[in-house]
Structure formats: C-alpha cells, structure tokens
Amino acid sequence: MSSLPASRRLDTAWRSLERHRARIAHVHLRALFAADPKRFARFSLAHDGIVLDYSKNRITAETVKHLLALARAADVEGWRRRLFDGALVNASEGRAALHPALRDRTSRSKGASAVRATLAKMRDFVADVRSGKRFRHVVHIGIGGSLLGPELACEALAPLGETGIEVRFLSNVDGTDFARAIRGLDAAHTLFVVVSKTFATAETLANAHAARDWIAAKLGESAIARHFAAVTAARARAEAFGIPPRSVFELWDWVGGRFSLWSAAGLSCALVLGQDRFEEMLDGAHALDTHFRTAPLGKNLPVLLALVGVWNANILGFRARAVIPYDSRLKRLPAYLQQLEMESNGKSVTREGRPVGRATSPVVFGESGTDAQHAFFQLLHQGPHPVPVDFIAAAEPGPGPEAQRPILLANMLAQSEALMRGRDAAEARAEMQKQGLAAAEIRRLLPHRVFAGNRPSTTILLRRLDPFHFGLLLALYEHKTFVEGVLWGVNSFDQWGVELGKQLADGTARLLKGDKMEGHDSSTAGLARQIRAWAAARRS
Ligand code: F6P
C-alpha cells in the first residue's frame, strides 16, 4: 500500500477517475460492444442464482481498475470488516449496524442469542395464529423502515395471499388510509401488528390509537390485548399501550429501521408466508453477506454495483437513477430503495462533519416494467439528461399465465438494448425510406426519430423470485448502499435530515388549532389561515 496519507490517496483516486473520464468520454457504448465480443463475460458476475450485468455502463477494464483503486483508497475492506465486527460504524448515534447478525443463525456475534430467542418466539406466535385460524386479516402499522421492507416482502413472496391470511399495510397519518386499511374487515378476525422501533413515531401512534379505538368500539376494551402485537425497542411503551408482553417482540438499537425487515419487524410477512419461508429469506440475505464479506473487491457483487453507481453519479454526473423491476411482485422495490439509498446516503457532510464536496445519493425513482415504459421511458430514451437504469427481473415465471413471462422479459431486454444502442440518423432514415415516406417528410421527422443511445443500465437477473433469492437481492442493495456511503465518506446509518420537519410539525399543528401566527413565515401563516378559514366554514 502507498505511503501517502489516506486523504491524499483518496483525492488521487478521484482525480485519476476524472482524468480517465476525459479519455473515454467520446466513446459510445455501441462501439465498446462492437470492439469486444466478450464484453458481457468481462463485465458481469454470477453468484447463487443471481446475475449482475454491468456491461451496458460506459466503462472499460481501465475504468474498473480506477474504481477499484478508489475502493481501496476509501478503505472499503476496512469498513466492511468494521461493519461485520459490530464496530460503532454509526458514530453520530453511537451505534453498530449489525443487521447482518439478524440473518446469521449460526452466529456467536453480539446479540446472536437474543436474535435466536426472538426468532423462536416468532415461530411460536406464527404457528399459533396460523393453526388457530383466529385471524384472517393482519394490518401492519408502521412507517418508513418499519413498513417498506415488510410490505415489499409480502407483495413479492405472497402475491396471491393463498394462506388465507390477508395482510394490509397502514403507514400514512392521512385518515383516508386508515379508512381504506380497515374497509370490509371483520374486527373479530383482525390482528394489528404495530412496528415501531421507538414506539413514538407520530404517524404510527395515530394509526395505532385509531385501530385500538376501532377494536374497542367493535369488541370492547378487553379485546385489545388479543388483537394487537408490537415489534419495538421500547417495550414499556408498547405495554403501556395495552399490548401484553407475550405479543411484544424485541428490536435492538443496533438495527436501523431501513435494515429491520430481517428482525421481528417482518412478523406480518412471517404470518402470511410461514416462519420457514421467512427464514429462507434470511438465508438468502446471509448468503449474500458471506459473499460480500469474503469475495475480493473485483469479484464482489455489492462492491461492483456501488462502484458503477459512483461512476455514474460522480464522474459522469448523472443525478438520478431509475429502478425498474420487470416483475409486478417487486412493484414496491423502488419505494423501498428510495428509503434505503436516499435516507442512507442523502448527506452533505462526512462522518467527521466536514462537507462531502461531491455529489452523494442520486434521486432514486421507478415503477415496474412494462408500466414504466408507457409512462416515463420517453424521457429515459430522448430526454437531454441521461438517467442510468437498474433493470431487475426473475427468469422463472410467477403466478398467472406462463406465456406472458417471455413477453415481459423480452421487453426488458429490448429497453436496455435500445437505451444502449440508440438509433442514429442513418438508421432512422433507412427505416423511414423502407416505410415509403417522401424525402421531405423524412427530413421533417428525422430529428424526432433519432435516439442518441449511450444510456447506461445495469441488469440484475434472478433465477427465480423465491424467499432465498429475494433475501439475496435486498442484501445486495443494502451492502451496495453501504459501500457507496464509504466511497463518499458519509455515515449511511443515521438520518438526522428527517428531524427538523418532525419538530416543526408540533408548532404547525398548534397553528392549525388556532395558535398565534407569530414566528412563522408569511407562506406558512397564509396557508394555515386558509385551512382554518375553510374548516370554520365547514363547521358553520
Ligand atoms: O423517517 C425516519 C425514521 O426514523 C426511519 O428511519 C424509520 O424507519 C421510521 O422513521 C420509523 O421509525 P420507528 O420505527 O421508530 O417508528
């Protein structure tokens, strides 16, 4: 290793990447593919039924070399070791981030016996609920990391809810969502699972109280204890709410909300899928943990995915990324990744509190394919600012007509090929000539029918979407997010940026109730005045 200080090595690595960019900026992806028939083999990696194809990014072997130098300069290997050793990687909150321990059922690590005890308690609870046929409906109440992962997992792995238990998810404090969540439910057969690490999140508590009032009104106060379970690090608060200890499941401070699916926060999924399938999901994530922990950087799926992410975001300057799962069971994956990536890495200061000085998390957005094609793909193909895309698909069909899977997958392949190749003027002209268009018409239409191409995409292909591969996929993105955070020098495990709005909401709530407007800006005061006026008009 070079004797330069770490920060100098890092600056040098970033600068080499910039210089390298200038050298390859003019090369089109089409040319890269034409020049190297082995490009796919060179820039793809398979592991445990998952294929990562990053060949349709604007990279060469030299780019990867520079990116790996950056990873070494940022000490990705050291941070990876610290993560798995349970070091205080979340320094601003003084915590470890030990979510990998949640899926390592053989571990002797910190917290392992507590994890095993909670899994055993979940197994008993799940068996009891599923055999007793007491509950036909589960309403999972939580928000952010306490809901997005479980919601995605349930939709991905139990899309048809064949178990006889229907699960619904309730997060927003909008009363409309509560009304929707309980519509048509029979209270006598409904279990509410309240997931909140703090048991203090305003939205979750508002919904939990509304649910408690609903149960009390339908079945009497004494029914509350039977119709609620909680998953929390604040056991006393859950018990004070009226949930008996046997139905309170433990969360720990070393599990961040957005990394908590693997804990009892996934209880509603376990109720629907069964505990065995839930644990298969843990096994998939653990397999990816082992790969991430042991594979060399250049053969490491999350590391490569992160390096491509940083190349696109920082060196090529693409400030957004689209996530397009070609599988409706993964429809909520974009929402899940939005929180995972943007809450983890949407930061402007380093772990040491200094300005990062470069771009961090891009804006992540998405929708399932083929729906997305008919909504915003126009911009992806012909908009002035390229947006890199992650395509995700499972080769084997899910439920429903099998004949439709090849159509779905063909669409995904066509989109990534079209983004990469584009259609140049000669091709567009030839096509219009073939269609018999007049020369003047061809001239008029030509600018509209040219596609620049050279638009990067990455494809993650799963053999099938089962609990194991689903766990693998999510852990891949978790570690990719962590590695990106290391490359940017930020703490990926805190989320101070969500605090200010929460704090101000107390003041604005008082404003709506009639408090004086002093201390608020004219926009906030003006809007509050209007809301109050319309509320008064409605009452009169
Ligand atoms: O939005 C901020 C946040 O703290 C998320 O990180 C977390 O997942 C969510 O709120 C819910 O918090 P809790 O589990 O404490 O209700």
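See the structure shown above.
Residues numbered from 1 in each chain as written. Predicted model: local features only at pLDDT ≥ 70, side-chain atom pairs only at ≥ 80, totals over all residues. Heavy atoms only, no water.

(A) Looking closely at the packing of aromatic side chains. Per the stated rule, a full pass over the model turns up 14 aromatic pairs. On the numbers, 5.9 Å between centres and 40° between planes, the contact of Phe376 with Phe377 is tilted. An aromatic cluster is defined as three or more aromatic residues linked by ring pairs; in this entry it consists of Phe84, Phe259, Phe292, Phe482 and Phe493. One residue, Arg80, lies across the ring of Phe292, its end atom 6.0 Å from the ring centre. Between Lys121 and the ring centre of Phe249, over which it is positioned, the NZ or CZ distance is 5.1 Å. (Phe/Tyr/Trp six-rings, centres within 6.5 Å; stacked < 30°, edge-to-face > 60°. Lys NZ or Arg CZ within 6 Å of the ring centre and 35° of its normal.)

(B) Quick look at the pairing of strand β6 (residues 228–232). Counting buried positions over the five residues of β6 gives five, a clear majority of the element. Along β6, one buried face is formed by Phe228, Ala230 and Thr232 and the opposite face, lined by Ala229 and Val231, is buried too. Sheet topology note: the strand β5 (residues 190–195)/β6 ladder contains four bridges and is parallel. When the sheet's bridge partners are listed, Phe192 is paired in β6 with Phe228. Looking at chain direction, β6 and strand β7 (residues 248–250) are connected through three bridges and run parallel. Across the sheet, residue Thr232 finds its bridge partner in β7, namely Glu250. Crossover connection from β6 via helix α12 (residues 235–241) to parallel β7: handedness right-handed. (Buried < 20%, exposed > 50% of the residue type's maximum accessible area, 1.4 Å probe, protein only. Helix = DSSP H or I, 4+ residues; strand = E, 2+ residues; numbered from the N terminus. Pairing = 2+ DSSP bridges. Right-handed = clockwise from strand over helix to strand, strands pointing away.)

(C) The arrangement of empty space enclosed by the protein in detail. For the coordinates displayed, the defined rule picks out seven cavities of 30 Å³ or more. Of the volumes computed, that of the largest cavity is approximately 80 Å³. Around the largest cavity, the lining is made up of 13 residues, and of these Val308, Asn312, Arg321, Asp390 and Thr458 lie nearest the centre. Elements with a minimum of two residues in the lining of the largest cavity: α15 (301–315), β10 (389–394) and β11 (457–462). A per-element tally of the lining of the largest cavity places α15 first, with four residues. When its residues are assigned to classes, the lining of the largest cavity shows five nonpolar, five polar and three charged. (1 Å grid on protein atoms, 1.4 Å probe; cavity = no way out; pocket = protein on both sides within 12 Å on 5 of 7 lines; lining within 4 Å. Points joined across faces, edges and corners; volume = space filled by probe spheres on them. Nonpolar A, V, L, I, M, F, W, Y, C, P; charged D, E, K, R; others polar.)

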